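Here is what each chain is made of, one letter per residue.
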Amino acid sequence: MRIGFVIFPGFQMMSLAAGSVFEFANLCAGEPFYELTTLSEHGGAVRSSTGMAVDSIPFAGETFDTVLVGGGVEVPRPSDGLRAWIAGRLPGVRRLGAICTGAFVLAEAGLLDGRRATTHWLVARELGERFPAVQVEEDRIFIIDGPVWSSAGMTAGVDLALAMVEKDLGSDLARSVARKLVMYHRRGGGQTQHSELLEMTAKSDRIEAALSYARRNLTSQLSVEELAGAAALSPRQFSRAFRAETGQSPAKAVEQLRLEAARLMLEQTRHPVEIIARESGFADPERMRRAFLRAFGQPPQAMRRAARPTA
């Protein structure tokens, strides 16, 4: 099975880390199931953002089962040749994937229109604004929408590759690969657990006071009126200022704080789900389950299982 990794000038070296998953899949399978090829528009040495160069072959005329587009530290600006070649990949390949900001290359080629996709949280909003036909989901490690796959950050490309191996060769072999790479078979949670969004740093002391109050009082109702009181503002002034400084509504911010508290308790304690729901302010397990499905795409119990180290 031929897998092509597409790189371009200024690509990020970590994009190629996903190749190790396929390499170890071959080792675990005892046969060369995957054949890896590094591609670029013109072939030859391609310089990465670190200054290191990687050899490649021209992608023109090559055929592959799976094509993965690497990302860059900056949002890629694909050349006309790269954009045209990527645009013609479907339905010629079984899978087409993007690692991190590589999603912008697929979007430029029109391949994400009408599809769900993700990218690094830092530029997810830009992806949605520049390409409104793309259904951007900011808090997913990776997303599969038909033949098109996309991952969040660079390391999430490794999770994406492992999911491809599981689909091709089964969960037992994928677990073996995960053990050898010392990684989770299925990583729990979304990318907000790794992002600055969790800090929700406010610009003013009053909004920061409200956020601090919310973190200390998750079991309280935490209504707009209650938070506005902590900020010494009227509810109307508070809502307007909060959205301006954090980019989200007070209700959404409170839910994120509760989700993070609940996720940490799931991963770090043995408390029953009922107690975690109460202590994180969700009141009942069903309400917490719905919030987890919206934010992480999986229920609390699944995230607790995924957080346990592979035996």
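Below is a summary of the structure that appears in this document. (Residues numbered from 1 in each chain as written. Predicted model: local features only at pLDDT ≥ 70, side-chain atom pairs only at ≥ 80, totals over all residues. Heavy atoms only, no water.)

Within soluble globular proteins, side chains that are nonpolar tend to cluster in buried spots. Core analysis: the largest hydrophobic core is formed by 33 residues, its most contacted members being I86, L106 and L112. Here the element with the most residues in this core is helix α3 (residues 103-108); it accounts for 5 residues. Beyond its immediate sequence surroundings of up to four residues, L106 is in contact with V69, I86, L96, G97, A98, L111, L112 and V148. Core analysis: the next-biggest nonpolar cluster, separate from the first, contains 24 residues, A25, C100, V165 and V177 among them. (Core = buried A, V, L, I, M, F, W, Y, C linked by side-chain atoms within 4.5 Å. Buried < 20%, exposed > 50% of the residue type's maximum accessible area, 1.4 Å probe, protein only. Helix = DSSP H or I, 4+ residues; strand = E, 2+ residues; numbered from the N terminus. Contact = heavy atoms within 4.5 Å.)

A separate point is the packing of aromatic side chains. Taken as a whole, this structure holds 6 aromatic pairs when the rule is applied. Relative to F242, the ring of F238 has its centre 5.4 Å away and its plane inclined at 45°; by these criteria the two rings are tilted. Of this pair, F238 and F242 are both found in helix α9 (residues 235-246), 4 residues apart, which corresponds to roughly one turn of the helix. Overall, the relative accessible area of 2% leaves F242 in the buried class. Taken together, the aromatic side chains of F5, F22, F33 and Y34 make up a single cluster linked through ring pairs. Above the face of the W85 ring, R89 is positioned so that its terminal group lies 4.1 Å from the ring centre. The ring of W149 is capped by R95, whose NZ or CZ atom sits 5.7 Å from the centre of that ring. (Phe/Tyr/Trp six-rings, centres within 6.5 Å; stacked < 30°, edge-to-face > 60°. Lys NZ or Arg CZ within 6 Å of the ring centre and 35° of its normal.)

Further remarks concern unusual backbone geometry. Here L90 and P91 are connected by a cis peptide whose omega angle stands at 5°. Inspection of the secondary structure puts P91 in the loop between α2 (80-87) and β6 (95-98). Although it is not a glycine, C100 adopts a positive phi angle of roughly 55°. Structurally, C100 is set in the loop between β6 and α3. Residue classification places C100 among the buried residues on the basis of a relative accessible area of 3%. Backbone geometry at L222 places phi at a positive 55°, although glycine is not the residue there. Mapped onto the fold, L222 is located in the loop between α7 (205-216) and α8 (224-231).

Attention now moves to the side chain of T37. Locating T37 in the fold gives a position in strand β2 (residues 35-40). Look at T37 and you get buried, because its relative accessible area is 10%.

Our focus in this paragraph is the sheet that holds strand β5 (residues 66-69). As a general point, the strands of a sheet are linked pairwise by backbone hydrogen bonds and lie either parallel or antiparallel. Strand order in the open sheet formed by 8 strands is β3-β4-β2-β1-β5-β6-β10-β9, with mixed pairing between adjacent strands. Looking at which strands have only one partner, the edges of the open sheet turn out to be β3 (44-47) and β9 (142-145). Along the sheet, successive strands turn relative to each other by an average axial angle of 30°, direction set aside. By the bridge criterion, 4 bridges tie strand β1 (residues 2-6) to β5 in an arrangement that is parallel. (Pairing = 2+ DSSP bridges. Axes fitted to C-alpha atoms, helices over the stretch in contact; angles between N-to-C directions.)

Before going further, it helps to spend a moment on the environment of R216. Mapped onto the elements of the fold, R216 is located in helix α7. On the basis of relative accessible area, R216 is assigned to the exposed category, the value being 61%. Once the C-alpha coordinates of R216 and D168 are considered, the two residues, 48 residues apart in sequence, prove to be 46 Å apart.

What follows covers the pairing of β5. In β5, alternate side chains face the same way, and those of T66 and L68 on one face and V67 and V69 on the other are all buried. Across 4 bridges, the pairing between β5 and β6 is parallel. From the neighbouring strand, T66 faces β6, where its bridge partner is R95. Following the chain from β5 across α2 to the adjacent parallel β6, one finds a crossover that is right-handed. (Right-handed = clockwise from strand over helix to strand, strands pointing away.)

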